[in-house]
Amino acid sequence: MEVGHPEQRLHFRSKRTKREWRPLEERSCTDLPWCLLFIIFCVGMGGVCAFTVASGGAARLVSGYDSYGNTCGRRNPPLDGVRLSGLDHTDRKFVFFLDPCDIDIVRRKMKSVALCVALCPPRLLHTYHDLMTFATLNGSELCSYELAAHKYPGLPERFAKCPKLPVAPSKPLPLFNRCAPTDVSCYSKFAEAVMTFVGDDSFLHGVIAGVAASKEVIVGLCLLALVLSMALTVIIRYISAVLVWILTSVALLGSLAATGVLWWFYAERRLSQDGEDGPGWDEDRAMLVYAVAASVFTAVLLLLMLFMRKRVALAIALFHVAGKVFIHLPLLALQPFVTFLALLLFWLYWVLVLLFLGTSGEAVLDEEAGLTEFRLTGRLEYLTWFHALGLLWITEFILACQQMTVAGAVVTYYFTRDKKRLPAWPVARAALRLLRYHVGTVAKGSFIITLVKIPRLLLIYVHGQLKGKENACARCALKSCICCLWCLEKCLNYLNQNAYAATAVNGTSFCASARDAFVLLLENALRAATVNAVGDFVLFLGKVLIVTTTAFAGVVLLNARRHYAEWLLPLVLVCVFAFLVAHCFLSVFEMVVDVLFLCFAIDTKYNDGTPGKEFFMDKALMELVERSRRSERAAGRGRGRVKEAPSEEGAEMKPMAPGTSLA
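Residues numbered from 1 in each chain as written. Predicted model: local features only at pLDDT ≥ 70, side-chain atom pairs only at ≥ 80, totals over all residues. Heavy atoms only, no water.

### What to know about the pairing of strand E4 (residues 114-117)
- Of the two faces of E4, the one lined by Ala114 and Cys116 and the one lined by Leu115 and Val117 are each fully buried.
- Inspection of the sheet shows strand E1 (residues 94-97) paired to E4 by 4 bridges, in the antiparallel sense. Along E4, the bridge assignment pairs Phe96 with Leu115. (Buried < 20%, exposed > 50% of the residue type's maximum accessible area, 1.4 Å probe, protein only. Helix = DSSP H or I, 4+ residues; strand = E, 2+ residues; numbered from the N terminus. Pairing = 2+ DSSP bridges.)

Okay, here's the thing in structure tokens:
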């Protein structure tokens, strides 16, 4: 065959394009168009913030504005069609509400008239004479602008255009120039606006008092949950084998017990009817169906445990190695803090810009209430939707950065043969490698998750709006679609995480990494299923352990408070915090296990332990592979003995002489 033959050229081309895993050797920028698109999107998010500042929305939020469109603390231009607009409020820097407790529960907004005043009333004002005296002495008029302060007691408009008596003392908020009442009795209305199910003020006050009285205990229990979560990420490698066998025993015994009970119930019902087909025969058939279904499930479970019992050892070994990873890379334990801090800063920024958008736009007069509000109209309404998309995409991007950083650090650990000579600061190096080469890959993966999350959130919103109005079929269809999209999102999250690990290993783009990771997972489907099932159960038990331990400590410490309302909410808050902290730490542990499994699959596929193809894996995984090889060699020798058995009784196998032919 000639060198230039098409078949030979095709062979050379396929040989060149064949995937060659070279961990940490080759590195270049991946998914550059997506990196540029994400940068442009972030610039657009910054443009939304700049628009709110330029249009005055930020100033209105911080300085506050009255019910006539005037911003407090500055000179204002007049607004078309709005009376009492265009006033000079240079000396009036605070927003005062005539009735701060008048809140629309349904629309969650204040219905009270707002005015710009020079000073918030520091003491209780009982009468209109007190209002007049306060205005005369301090220059702060608490009634409508068109009313003269010295005429407050005798004006007939004072009942509608002056604050509701008595006027509670108030003080300005630290950052926002609003006069906030110092009397806490009014704040139950705010809580009711947020949580409409709270109706008993005495219960609300008792709960708030209980939280305030137990704040030291709450802080101590939260620190306990934090310490337990950090310790469990290391200790779990020593108890993973015990938890796995607990899982196997509980699942098997529970299935057998449930099946036996169902068959016993069925036999008891049939014996009580003496074998006659009476009116209860339909119930007997239903019980029979349940018993048969439970029997089939138990049989399938037994077969799965039989076939997957050897692969459980891989999950235990991966947990053992994951514990070593946290010992060699202790900064991985700080990754949840970094991610939480990044998310917190972004969410604060997002909420602040959203509030800016709520006070931006054109002045619109509410004819019913006679108040002026600022709303985005026309095409500017799309800014809110763009801002909402930014919340989803950038949140997913930050979470994906955590996955990529963890994957990069674990890959560096796994593919370093001498663990004592790890590069300095491997976690920081993984983060810098992400920022330098793989921002586009993370942006692309997070955008795919966002595309799946958007329709699911829209369907949840539609389901909430139509609750109690749609028929059974529509309700079932909506719930099915929501469930399917949720499952798709979880599957894509798992695939994305493995794609990030493949990118960390070989420096390929997102699509190539996702394809390679999917092929590896498909080739190791049973192993992957076992590792995920066992891993999820072990980590779930770890979360339950942390929450129950924290709850037990909380009950012991709060037992002195006899009234349940004084310690129930603090205990609930502590348990929720403990679960969230445990979930953050153990989710990082789960990511480490998943990345280790992918690295193990790559290692066993492309290396065989021979010179030049030595394994990278840890000693625990090496022992597992050696045991598997010994069992395979023993099985091969057994098959060889069967083949060499004499075909006739008394016959003997002798070695062949040199040069002898099989013919």
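### Quick notes on the packing of helix H2 (residues 32-54) against helix H14 (residues 439-465)
- In the contact formed by H2 and H14, the axes pass within 7 Å of each other and the chain directions differ by 70°. Relative to H14, the element H2 lies roughly perpendicular. Seen from H2, the contacting residues are Trp34, Cys35 and Phe38; seen from H14, they are Val439, Gly440, Ala443, Lys444 and Phe447.
- Grouping the constituent residues of the contact of H2 with H14 by class yields 6 nonpolar, 1 polar and 1 charged. (Axes fitted to C-alpha atoms, helices over the stretch in contact; angles between N-to-C directions. Parallel < 35°, antiparallel > 145°, perpendicular 65-115°, else oblique. Contact = heavy atoms within 4.5 Å. Nonpolar A, V, L, I, M, F, W, Y, C, P; charged D, E, K, R; others polar.)

### Some remarks on the confidence of the model for the protein chain
- Of all residues in the protein chain, 76% have pLDDT values of 70 or greater, and the mean over the chain is 76.
- Counting contacts from residues 192-205, a segment whose pLDDT is below 50, to residues more than four positions away or on other chains yields 17 contacts.
- Ignoring residues within four places in sequence, the model shows residues 645-663, a span with pLDDT below 50, making 4 contacts including any to other chains. (pLDDT = per-residue confidence, 0-100.)

### Regarding the nonpolar core
- Counting 61 residues, the largest nonpolar core has Val325, Leu332, Tyr414, Val592, Leu596 and Leu621 as the members making the most contacts within it.
- Contributions of two or more residues to this core are made by helix H8 (215-272), helix H10 (312-328), helix H12 (382-414), helix H13 (426-437), helix H15 (472-506), helix H16 (510-523), helix H17 (525-558) and helix H18 (564-606).
- Element by element, the count of residues in this core is highest for H18, at 18 residues.
- Not counting residues up to four positions away in its chain, the partners in contact with Val325 are Leu332, Val410, Tyr413, Val592 and Leu596.
- Of all hydrophobic cores here, the second largest spans 28 residues; its members include Phe96, Cys116, Tyr152 and Cys179. (Core = buried A, V, L, I, M, F, W, Y, C linked by side-chain atoms within 4.5 Å.)

### Focus on the state of the cysteines
- According to the stated counting rule, one finds 3 disulfides in the structure shown.
- Two residues, Cys72 and Cys116, share a disulfide whose sulfurs are 1.9 Å apart. One quick way to see it: the torsion about the S-S bond of Cys72 and Cys116 is about -80°, and its sign makes the bridge left-handed. Remark: Cys116 occurs in strand E4 and Cys72 occurs in the loop between helix H3 (57-63) and E1; sequence separation between them is 44 residues.
- With its sulfur 2.0 Å from that of its partner, Cys143 forms a disulfide with Cys162. Here Cys143 and Cys162 share a disulfide; its torsion about the S-S bond, 115°, makes the bridge right-handed. (Disulfide = S-S within 2.5 Å.)

### Focus: H2
- In this model H2 runs 32 Å from its N-terminal to its C-terminal C-alpha over 23 residues, within 8% of the 33 Å that 1.5 Å per residue would give.
- Residues Cys35, Phe38, Phe41, Met45, Val48, Cys49 and Thr52 constitute the buried set of H2.
- Tucked into the core, H2 has its buried residues touching H3, helix H11 (335-358), H12 and H14. (Expected span 1.5 Å × (residues − 1).)

### Some remarks on the pattern of salt bridges
- As enumerated under the stated definition, the model contains 9 salt bridges in all.
- With its nearest N and O atoms 3.8 Å apart, the salt bridge here joins Arg83 to Glu146. Linking Arg83 in the loop between H3 and E1 with Glu146 in the loop between helix H4 (128-138) and helix H5 (158-161), this pair joins segments that are 63 residues apart in sequence.
- For Glu523, the salt bridge goes to Lys605, with nearest N and O atoms at 3.1 Å. Residue Glu523 is located in helix H16, and its partner Lys605 is located in helix H18; the two are separated by 82 residues in the primary sequence.
- For Lys605, a relative accessible area of 39% corresponds to the partly exposed category.
- Several salt bridges converge on common partners, so that one network encompasses Glu396, Lys453, Arg456 and Glu489. (Salt bridge = Lys/Arg side-chain N within 4 Å of Asp/Glu carboxyl O.)

### Side note on the packing of aromatic side chains
- In this structure the tally under the stated criterion is 12 aromatic pairs.
- Pairing Phe326 with Phe589 gives two aromatic rings, centres 5.7 Å apart and planes at 10°, and the pair type is stacked. Pair noted here: Phe326 is in helix H10 and Phe589 is in helix H18, with a separation of 263 residues, a long-range link.
- Relative accessible area serves as the criterion here: at 6%, Phe326 is assigned to the buried category.
- These aromatic residues form a ring-pair network of at least three members: Trp34, Phe38, Phe41, Phe386, Trp393, Phe397 and Phe447.
- The lysine or arginine in question, Arg158, covers the ring of Tyr128, its NZ or CZ lying 5.4 Å from the ring centre. (Phe/Tyr/Trp six-rings, centres within 6.5 Å; stacked < 30°, edge-to-face > 60°. Lys NZ or Arg CZ within 6 Å of the ring centre and 35° of its normal.)

### As for the environment of Ile454
- Structurally, Ile454 can be placed in helix H14.
- Separated by 62 residues in the primary sequence, Ile454 and Leu392 have C-alpha atoms spaced 8.2 Å apart.

### With respect to unusual backbone geometry
- Following Leu165, the chain continues to Pro166 via a peptide bond in cis, the omega torsion being -10°.
- When you line up the elements, Pro166 lands in the loop between H5 and strand E5 (170-172).
- Not every positive phi belongs to a glycine, and Leu84 is a case in point at roughly 60°.
- Considering the arrangement of structural elements, one finds Leu84 in the loop between H3 and E1.
- Positive phi, normally seen in glycine, also occurs at Trp425, with a value near 50°.
- If you trace the backbone, Trp425 turns up in the loop between H12 and H13.

### Topic: the environment of Leu256
- Considering the arrangement of structural elements, one finds Leu256 in helix H8.
- Using a relative accessible area of 41% as the deciding quantity, one classes Leu256 as partly exposed.
- Expressed as a C-alpha distance, the spacing of Leu256 and Ala294, which sit 38 residues apart in the sequence, is 8.6 Å.

### Section: the packing of H2 against H11
- For the pair H2 and H11, the least separation of the axes is 9 Å and the interaxial angle reads 45°. Taken together, H2 and H11 sit at an angle that is classed as oblique. Handedness of the crossing formed by H2 with H11: left-handed. Contact with H2, carried on its side by Met45, Gly46, Val48, Cys49 and Thr52, involves Phe346, Tyr349, Trp350, Val353, Phe356 and Leu357 of H11 and no other residues of that element.
- For the contact of H2 with H11, the class distribution of residues is 9 nonpolar, 2 polar and no charged. (Left-handed = near helix turned anticlockwise from the far one by under 90°.)

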